[in-house]
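Coordinate inspection notes
Spelled out from the first residue to the last, the chains are:
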Amino acid sequence: MKQRLNTGGVINGVVITVMIVMSMIILCAPAMAVPTLSDNISRKIAEMIASPDERDSVLQNAIAAVKAGVPEDIIAPVIERTLGNGVSGDGLGEMLQALAAAREKDLPLEPLAGKILEGLVKNVGEKSIIRAMERVEERMEFSAGLAKGLGMSKEKREDLIVETAGAIAAGMDRDSLRDIFSVMAGDRSSGRLAPVQIMEMVKAASGYGVDSRKVGKYAAALIEDRSADKGDIAKFLKDLSEKAYKGISDNDPDDIVEKYMENMSSTGEDETGDAIGEENMADENGGGGSGGGEEHSGDEGGPH
């Protein structure tokens, strides 16, 4: 009996030891799986920042950015260029925090990193760069909300977010953008143009000063028109750029949009007329009824 109790005590001790070791492994595992800052970036920070407190702060923000999922090929040039251009450790820390926050929101990072580098090239102050980053992030966050539910790959979604945010920066009205995305969501399978192609047009047209509501109507017409393709957008933007280059009056871009809208409407009417003509010929020859013509007219017509 005594020996049996001793054996039980040994077994219990082994079990407790195993449990402690397993707990330590479980606690350490997440930390080992988290990405860490490379020695190369850590060394650059140590070399370029003299103040220990400032250096530690930048290191902590850089580590937090990496853990949030910001790739080192974005972090490295930002750190090197900012410190090389006299940006303070606090300023760099705010920029790294903005990149980490954008990654946590699943927003594209290139526009934010690009805004930093652009500001440095233009000798813009660090506070102005940070404010510009905040504006870009806010536009992308709004754009991501619009793109939600369209059902596309991560790469295409990010491209669409970037172009939509660019359209806002170019002066496109947000309510008009909501209307465009509403048409996209309801008519995804009809048109031949991808959402990002539509938004590239919207951004460019807004940059030329076209009224947002007219851009929105033209975009909706392109989305719904099954015959429209990228050649139509290229021709439209070419007309706009030529007028802008020649210094035409401010109202002229709007006139160009209206002209294209009228052309699309007349094309739709012509196609509807052709469909009705074919239907009447079919009736004379004993073929189909009026229902087929209406259905065909709905599929092939111009803007709805």
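Use the structure listed above.
Notes on the structure follow. (Residues numbered from 1 in each chain as written. Predicted model: local features only at pLDDT ≥ 70, side-chain atom pairs only at ≥ 80, totals over all residues. Heavy atoms only, no water.)

**As for helix α4 (residues 72–84)**
Compared with the 18 Å implied by 1.5 Å per residue over 13 residues, the 18 Å span of α4 between its first and last C-alpha is a close match. Within α4 the residues assigned to the buried category are I74, I75, V78, I79, T82 and L83. In a view along the axis of α4, the buried residues occupy a sector of 125 degrees, so they form one face of it. Opposite the buried face of α4, at more than 90 degrees from it, the exposed residues are D73 and G84. (Helix = DSSP H or I, 4+ residues; strand = E, 2+ residues; numbered from the N terminus. Expected span 1.5 Å × (residues − 1). Buried < 20%, exposed > 50% of the residue type's maximum accessible area, 1.4 Å probe, protein only. Arc of directions from axis to C-beta.)

**Regarding the packing of aromatic side chains**
Here the structure, examined in full by the defined rule, presents three aromatic pairs. Considering the side-chain rings of Y218 and F236, the 4.7 Å spacing of their centres and the 55 degrees angle between planes classify their relative orientation as tilted. Here Y218, found in helix α11 (residues 212–224), pairs with F236, found in helix α12 (residues 230–245); they are 18 residues apart in sequence, far enough to count as distant. On the numbers, 5.2 Å between centres and 70 degrees between planes, the contact of F236 with Y260 is edge-to-face. On the criterion of sequence distance, the pair formed by F236 in helix α12 and Y260 in helix α13 (residues 252–284) is long-range, its members being 24 residues apart. Comparing F236 with Y260 shows no difference in burial state: the two are buried. (Phe/Tyr/Trp six-rings, centres within 6.5 Å; stacked < 30°, edge-to-face > 60°.)

**Remarks on unusual backbone geometry**
With phi around 65 degrees, D106 is a residue other than glycine that occupies positive phi space. Note that D106 resides in the loop between α5 (89–104) and α6 (110–121). A relative accessible area of 33% means that D106 is categorised as partly exposed. With phi around 60 degrees, N123 is a residue other than glycine that occupies positive phi space. Here N123 lies in the loop between α6 and α7 (126–147).

**Looking at the nonpolar core**
Membership of the largest hydrophobic core comes to 38 residues, with the highest contact counts inside it found for I45, I75, I79 and L92. When residues of this core are traced back to their parent elements, those giving at least two are α2 (39–48), α3 (52–68), α4, α5, α6, α7 and α8 (154–169). If one sorts the elements of this core by residue count, α5 sits on top with seven residues. In contact with I45, not counting residues within four places along its chain, are L37, R55, V58, L59, A62 and I79. Of all hydrophobic cores here, the second largest spans 36 residues; its members include L177, M201, A219 and M264. (Core = buried A, V, L, I, M, F, W, Y, C linked by side-chain atoms within 4.5 Å. Contact = heavy atoms within 4.5 Å.)

**Comments concerning the environment of V196**
Checked against the element boundaries, V196 lands in helix α10 (residues 195–207). Looking at V196, the relative accessible area reads 22%, which means it is partly exposed. Counting along the chain gives 37 residues from V196 to D159, while the straight-line C-alpha distance between them is 6.7 Å. Discounting chain neighbours no more than four positions away, the residues touching V196 are D159, L160 and E163.

**What about the side chain of R139?**
By secondary structure assignment, the location of R139 is in helix α7. For R139, which is buried and forms no salt bridge, the nearest opposite charge comes from E138, at a distance of 5.5 Å. Sequence-distant contacts of R139, defined by excluding residues within four places in its chain, comprise A165, I168, A169 and R174. (Lys, Arg positive; Asp, Glu negative; His and termini not counted. Salt bridge = Lys/Arg side-chain N within 4 Å of Asp/Glu carboxyl O.)

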